[in-house]
Structure formats: C-alpha cells, structure tokens
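# Structure assessment
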Amino acid sequence: MSDFDETWALQTLAVRAGQVRTAEGEHAEPIFTTSSYVFGSAAEAAARFKGDIPGNIYSRFTNPTVRTFEQRLAALEGGECCVATASGMSAILSTCMGLLKSGDHIVSSNAIFGSTVVLFNKYLTPFGVNISYVPLSDLQAWEEAITPETRMLFLETPSNPLTTIADIRRLAELAHAHDCLLVVDNVFCTPALQQPLKLGADIVIHSATKYIDGQGRCVGGAVVGRQEEVGEGVYGFLRTAGPTMSPFNAWVFLKGLETLSLRMKAHSDNALALARFLEAHANVERVYYPGLASHPQHELAGRQQSGFGGVLSFELKGGKDAAWKLIDQTRLLSITANLGDCKTTITHPATTTHGRLTDEERAEAGIADGLIRISVGLENIEDIIADIERGLN
Ligand SMILES: *Cc1c(COP(=O)(O)O)cnc(C)c1O
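Bringing empty space enclosed by the protein into the picture now. Here the structure, examined in full by the defined rule, presents 1 cavity of 30 Å³ or more. Put simply, the largest cavity is a space of about 30 Å³. Pro158, Phe188, Cys189, Phe308, Gly309, Gly310 and Val311 together form the lining of the largest cavity. Residue composition of the lining of the largest cavity, by class: 5 nonpolar, 2 polar and no charged. Mapping the lining of the largest cavity onto the domain boundaries places at least three of its residues in each of domain 1 (10-258) and domain 2 (260-392).

Encoded structure:
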C-alpha cells in the first residue's frame with residue numbers, strides 16, 4: 001500500500017516510508033482524528049466487516065496516521081509487520097496475550113524494565129503463564145531454564161540500567177532450536193543502532209515514549225515481527241482489547257522517526273564523552289557503558305550495534321547518600337525516571353525505577369544503592385559534565 005523502495009538506507013526509510021498522500025497533495029503526513037469511517041453502501045459495509053475487501057472500519061482496528069507510523073517503523077526494523085500500541089507496556093502485554101496461553105512458560109532476562117517484571121509476576125502468573133529469570137549474558141543459564149512448555153525468550157539489550165549486552169544471534173539460535181520465539185525489547189538502541197530481527201530475533205518491542213519520540217511528549221509503543229505472530233496474533237488481541245495508539249501520538253512518533261538516526265548518533269557521542277569523564281574520576285567506583293573499552297562486552301556491542309547508545313550508569317563511592325546528594329546538586333539535569341529525551345535525565349534506580357522490586361530481586365539485578373543512571377541528552381556535553389561534576393567533588 002505504501003510506496004517505498006526496500007533498497008533505501010535507514011535514513012531514507014525513516015523520512016519516506018509509509019506515507020500515502022491523499023487527494024489534497026499534502027507534503028507532511030496528516031493526522032486523521034476520526035474514530036470511525038463511512039462506507040459507500042450497505043454492501044460495502046458488509047464486505048469490509050466480513051474482511052472480503054480491505055479498508056478502515058474503526059480506529060480501534062486501523063487508522064491511516066497510525067498505519068503510516070507502523071509501516072515506517074516496520075521498514076526501519078526490517079520487519080514484515082508492525083502494530084502500534086498505547087504504551088511500551090501494552091506492547092509487551094499484547095505480545096503475551098496474543099501469543100501465549102495458560103501453561104506456557106517464558107524465560108526472561110532478570111535485567112529488564114521494572115514494570116515488565118511486575119507485569120510478568122503479578123498479572124501474567126495468576127493466568128497460568130510461568131516465568132523463569134536468568135542472567136542476561138549467561139547463555140548456559142538460558143538453555144538450562146528452557147522447558148518443554150517454554151514458548152518465549154524475552155530480553156532487553158543493552159539492559160537497564162547496567163548496560164549488559166545479550167548476544168542476540170546466539171540466543172535466537174537457542175530459541176529456534178527449542179521452538180521458541182525470541183522477543184527483544186529494543187528501546188535502548190532503536191533500529192537506528194540495532195536491528196534485532198536481522199540478527200535472528202522474531203519479535204521486537206518498543207516503547208516509543210523514549211527515543212522514538214525523543215522529546216518527552218507522548219506515551220506509546222509498538223511490536224514488530226512477522227505477519228503470523230504480529231499481524232495476526234498480536235493485532236488480533238489489540239483490535240479486540242483496545243490498547244491502541246492514538247492518531248495524534250502516532251503523528252508525533254512518525255516525525256520523531258525522521259530525525260532518529262541523527263539524534264541517536266548525537267546521544268551516543270555525548271554519552272561516550274561523559275562515560276570517559278566519569279571513568280577517570282576518583283569518586284566513581286565503576287562506569288557501565290558499552291562504548292568504554294573496559295565494558296566486558298565492548299566487542300560484542302560493537303559487532304551487534306552501530307552505536308553505543310545514550311544511557312549509562314555509574315556507581316558512586318558512598319552509596320545512597322552520595323548518590324542522592326549528587327542528584328540534588330544538579331541544576332541543569334532533569335530529575336526524572338524517563339529516558340530517551342533531548343534533555344539529560346538523572347535517576348536513582350534503587351529508589352525509583354527498580355523501587356518496586358524486592359531487595360532480593362534488586363540485588364539479583366545488580367542495582368547497588370550508589371548507582372546513578374543518566375540518559376544523556378543533546379545539550380552541550382561541557383554543560384552536562386559541569387552539572388554532574390559539582391556533586392562529584
Ligand atoms: C519505558 C520502557 C518500557 C515501557 O514503556 P512505556 O511506554 O513506559 O509503557 C519498556 N521497556 C523499556 C526498556 C523501557 O525503557
């Protein structure tokens with residue numbers, strides 16, 4: 001339906017893919033704020049409801065602005081099909097509800113987004129979906145956790161907030177050897193830096209709220225993969241249960257995709273400069289950033305990603321008191337748990353994003369009391385460093 005050339009590079013797809021101009025000849029993509037659509041006749045209405053002819057019926061099912069976003073993101077990830085969702089969490093929920101049933105088992109990395117852990121443990125487990133957690137980079141642990149009931153392996157790479165890297169290609173091979181789907185939450189890299197489907201993953205999850213928007217305005221998400229799982233399984237749940245993306249949010253994300261590649265490069269450049277500064281500082285115990293040569297998986301990250309991303313963490317000598325003190329002395333940085341914004345954000349994972357985990361779960365995920373996470377924005381790097389340096393000394 002949309003008109004684009006698959007040989008186009010990522011930057012070109014990001015600007016051009018998915019747009020279908022109306023008879024008005026508009027240059028920019030329009031926002032279709034309509035809940036329903038009209039039919040030319042009773043017979044046409046009947047045929048559309050039956051699925052005999054394609055076309056819009058109701059915006060819980062399809063919407064032209066949302067579809068443009070979906071086709072553009074699918075093109076960037078190299079996927080057959082994309083469905084947009086109301087949030088990143090509803091992308092994960094819809095994937096599980098659309099593809100799993102009671103009795104199925106998920107093997108998940110233990111270093112995943114806090115709300116994803118709550119979704120799995122508190123809301124999926126009572127419906128008979130069981131979850132086992134393993135360390136992200138321990139391939140043997142993944143293999144040992146797989147049972148005959150396992151349907152899905154789930155991970156984020158780099159992980160939040162410790163930036164551990166998973167070997168997507170090897171985990172995809174493992175998943176397929178056991179007839180499982182590999183689901184990768186690609187929020188930290190975006191397709192501009194990493195394309196999991198091309199490494200063998202089956203499904204990519206996005207929180208568009210982060211880098212895809214890039215300016216902290218809207219909440220949204222997406223699932224990308226094959227027609228069979230995403231176009232039928234996930235979409236089937238979505239159109240029935242309704243956590244769909246609004247046309248306005250789809251438009252914001254669509255415009256975000258156009259500059260994604262430039263922004264991800266600038267985020268990565270700033271993050272590397274900050275990581276190097278922190279690593280050289282006497283009051284910093286340890287820096288977690290895949291772009292540093294000291295990162296244990298620096299080489300894997302370099303092979304698998306085309307950039308190292310905008311998020312880093314570091315552990316202060318002095319625990320929680322030192323961490324809170326540094327955060328409270330910033331003037332430029334935003335104290336917020338959000339990430340992927342042009343504005344640099346600073347957060348204390350142990351008491352915010354990972355605060356709902358039990359002490360045991362937090363220790364298992366390696367979240368120390370002195371840990372600070374920075375989502376490095378697009379301000380001048382000297383200003384960012386000066387703001388952090390005040391609380392370091
Ligand atoms: C934010 C985030 C989510 C959840 O997305 P929402 O849009 O907040 O629902 C999932 N995974 C990762 C890695 C995230 O950072």
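Accessible area lost when the parts come together is the quantity often used to give the size of an interface. Split into domains, the chain comes out as domain 1 (10-258) and domain 2 (260-392). Across the boundary between the two partners, domain 1 contributes 41 residues, which contact 41 residues of domain 2. On the domain 1 side of the interface with domain 2, the three residues burying the most area are Leu162, Leu193 and Tyr211, jointly 24% of the side's total. Applying the counting rule to domain 1 against domain 2 returns 15 residue pairs in polar contact (both at pLDDT 80 or more). Of all the secondary-structure elements, those providing two or more residues to the side of domain 1 that touches domain 2 are helix H1 (10-16), helix H5 (114-124), helix H7 (168-177), helix H8 (190-193) and helix H10 (247-279). Counting residues per element, the side of domain 1 that touches domain 2 draws most heavily on H5, which supplies 5 residues. A class-by-class count of the residues in the side of domain 1 that touches domain 2 yields 19 nonpolar, 17 polar and 5 charged.

Using the criterion set out here, one finds 13 salt bridges in the structure. Salt-bridge contacts for Lys255 lead to Glu29; the nearest nitrogen and oxygen are separated by 2.7 Å. Here the residue Lys255 occupies a position in helix H10, and Glu29 occupies one in the loop between H1 and helix H2 (42-50), the gap between them amounting to 226 residues. Overall, the relative accessible area of 26% leaves Lys255 in the partly exposed class. Look at Glu29 and you get buried, because its relative accessible area is 6%. A salt bridge links Lys265 to Asp269; its shortest N-O distance comes to 3.0 Å. In this pair, Lys265 and Asp269 are both assigned in helix H10, 4 residues apart and thus about one turn of the helix distant. Here Asp269 falls in the partly exposed class, since its relative accessible area comes to 43%. Beyond isolated ion pairs, a larger network of salt bridges with shared partners links Glu29, Arg72, Lys255 and Glu258.

With respect to the helices, strands and loops of the structure, His295 is situated in the loop between strand S8 (284-288) and helix H11 (298-304). Within polar-contact distance, the side chain of His295 engages the backbone oxygen of Thr163 at 2.7 Å.

What the 5 strands build is an open sheet, ordered S8-S9-S12-S11-S10; its pairing is mixed. Edge positions in the sheet fall to S8 and strand S10 (334-335), since each of these pairs with one other strand and no more. In the sheet, S8 pairs with strand S9 (residues 311-316) via 4 bridges, with the strands oriented antiparallel. What sits directly across from Val287, in S9, is Phe314.

Here we take up the sheet that holds strand S2 (residues 105-109). Across a sheet, paired strands are connected by hydrogen bonds in the backbone, their directions being either parallel or antiparallel. Ordered by their spatial adjacency, 7 strands build an open sheet running S1-S7-S6-S5-S4-S2-S3, and the pairing between neighbours is mixed. Each having just a single partner strand, strand S1 (81-85) and strand S3 (130-134) make up the two edges of the open sheet. The sheet shows a mean angle of 20° between the axes of neighbouring strands, taken without regard to direction. Bridge analysis of S2 against S3 gives 5 bridges, and the strand direction is parallel. By the bridge assignment for S3, Ser109 is matched with Val134.

Time to look at the packing of H10 against helix H14 (residues 381-392). H14 packs onto H10 with a crossing angle of 30° between their chain directions and a minimal axis gap of 10 Å. It follows that H10 is roughly parallel to H14 by the angle criterion. H14 is crossed by H10, and the crossing has right-handed handedness. Residue-level contacts link Asn270, Ala273, Leu274, Phe277 and Leu278 of H10 to Ile381, Ile384, Ile385, Ile388, Glu389 and Leu392 of H14. Here the residues of the contact of H10 with H14 are counted per class, giving 9 nonpolar, 1 polar and 1 charged.

It is worth spelling out unusual backbone geometry at this point. Here Thr157 and Pro158 are connected by a cis peptide whose omega angle stands at -5°. The residue Pro158 is located in the loop between strand S4 (150-156) and H7 in this model. The residue after Asn160, namely Pro161, is reached through a cis peptide bond having omega 5°. Considering the arrangement of structural elements, one finds Pro161 in the loop between S4 and H7. In the Ramachandran plot, Asp179 falls in the positive-phi region, its phi being about 60° despite a non-glycine side chain.

Our next topic: the pairing of strand S7 (residues 221-225). Two faces, one strand: in a regular strand the side chains alternate between the faces of the sheet. For S7, the tally of buried residues reaches 5 of 5 residues, placing the bulk of the element in the interior. Neither face of S7 is open: one carries Gly221, Val223 and Gly225, the other Ala222 and Val224, and all of them are buried. Both S1 and S7 contribute to a ladder of 5 bridges, which runs antiparallel. Opposite Cys82, over in S7, you have Val224 as the bridge partner. Pairing of strand S6 (residues 203-207) with S7, which is carried by 5 bridges, proceeds in the antiparallel orientation. Counterpart to Val204 in the pairing with S7 is Val224.

Calculation notes
Residues numbered from 1 in each chain as written. Predicted model: local features only at pLDDT ≥ 70, side-chain atom pairs only at ≥ 80, totals over all residues. Heavy atoms only, no water. 1 Å grid on protein atoms, 1.4 Å probe; cavity = no way out; pocket = protein on both sides within 12 Å on 5 of 7 lines; lining within 4 Å. Points joined across faces, edges and corners; volume = space filled by probe spheres on them. Nonpolar A, V, L, I, M, F, W, Y, C, P; charged D, E, K, R; others polar. Domains from an automatic or database assignment. Contact = heavy atoms within 4.5 Å. Buried area = accessible area lost by both parts, 1.4 Å probe. Polar contact = N/O pair within 3.5 Å; in protein donor to acceptor, adjacent residues only side chain to side chain. Helix = DSSP H or I, 4+ residues; strand = E, 2+ residues; numbered from the N terminus. Salt bridge = Lys/Arg side-chain N within 4 Å of Asp/Glu carboxyl O. Buried < 20%, exposed > 50% of the residue type's maximum accessible area, 1.4 Å probe, protein only. Pairing = 2+ DSSP bridges. Axes fitted to C-alpha atoms, helices over the stretch in contact; angles between N-to-C directions. Parallel < 35°, antiparallel > 145°, perpendicular 65-115°, else oblique. Left-handed = near helix turned anticlockwise from the far one by under 90°.

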